[in-house]
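Chain by chain, the residues:
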Amino acid sequence: MYLWLKAFHVIAIIAWMAGMLYLPRLFVYHCEAEPGSKQSETFKVMERRLLNAIITPAMVASWAIGLWLAWTGGSYSAGWLHAKVLLVIVLSAMHGFFVRCVREFAADRNRRSQKFYRIINEVPTILMIGIVILAVVKPF
Ligand code: HEM
């Protein structure tokens, strides 16, 4: 049972991370599109669908199964897990920020530069590296 849960945890994480790495890239391209243009409207649909159909459900599943694993495996008192949850909270805050960005783009109210999205694009990658090392190596 535990290993099945872990397999579904990893599946949910792959879907969440795929979206978290791709969405800011869409924002970079969206910055170049003229508001009201056909291209801009297409980006809006892509961003909304990616967020609602993949990223948000995958985030909920990652959290739910992760907490379930911690409970059934008894790892809730381990140092690596506390550090990992801290990084996952930061990742979830990034998710919340992306929701806000999608809403602003949808209303043609984005004021941030393309450079800003290029930089922010790297944050989920850095967090993911830290989280996976903590989960697999368990250094403390
Ligand atoms: C707050 C949400 C999360 C909790 C509570 C949580 C908790 C856990 C627990 C208890 C395990 C089992 C560890 C083991 O049996 O060795 C696990 C496995 C794992 N988690 Fe998470 N996790 C969460 C989110 C994430 C995220 C966001 C990622 C990646 C970005 C991730 C990556 C992994 C990986 C790769 C494993 C497999 C480790 C192994 O088998 O060695 N987790 N998680």
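Structure's up top.
Residues numbered from 1 in each chain as written. Predicted model: local features only at pLDDT ≥ 70, side-chain atom pairs only at ≥ 80, totals over all residues. Heavy atoms only, no water.

### Focus: the site of the ligand
Then comes step 1: Residues in close proximity to the ligand total 19 residues, the closest being Y2, K6, H9, K84 and K138.
Then comes step 2: In the model, an oxygen atom of the ligand is placed 2.9 Å from a nitrogen or oxygen of the K6 side chain.
Then comes step 3: One nitrogen or oxygen atom from the side chain of K84 is found 2.6 Å from a nitrogen atom belonging to the ligand.
Then comes step 4: At the level of elements, helix 1 (2-32), helix 2 (38-73), helix 3 (79-106) and helix 5 (123-137) are the ones that each hand at least two residues to the shell around the ligand.
Then comes step 5: Residues that form the shell around the ligand fall into these classes: 13 nonpolar, three polar and three charged. (Near = heavy atom within 4 Å. Polar contact = N/O pair within 3.5 Å; in protein donor to acceptor, adjacent residues only side chain to side chain. Helix = DSSP H or I, 4+ residues; strand = E, 2+ residues; numbered from the N terminus. Nonpolar A, V, L, I, M, F, W, Y, C, P; charged D, E, K, R; others polar.)

### Re the packing of aromatic side chains
Then comes step 1: Under the defined criterion, the tally for this structure stands at nine aromatic pairs.
Then comes step 2: Ring centres 5.2 Å apart and planes at 20° place the aromatic pair F27 and F105 in the stacked group. In this pair, F27 sits in helix 1 while F105 sits in helix 3, placing the two residues 78 residues apart along the sequence. Both residues of the pair, F27 and F105, count as buried.
Then comes step 3: For the ring pair F116 and Y117, a centre distance of 5.4 Å and an interplane angle of 80° mean the geometry is edge-to-face. (Phe/Tyr/Trp six-rings, centres within 6.5 Å; stacked < 30°, edge-to-face > 60°. Buried < 20%, exposed > 50% of the residue type's maximum accessible area, 1.4 Å probe, protein only.)

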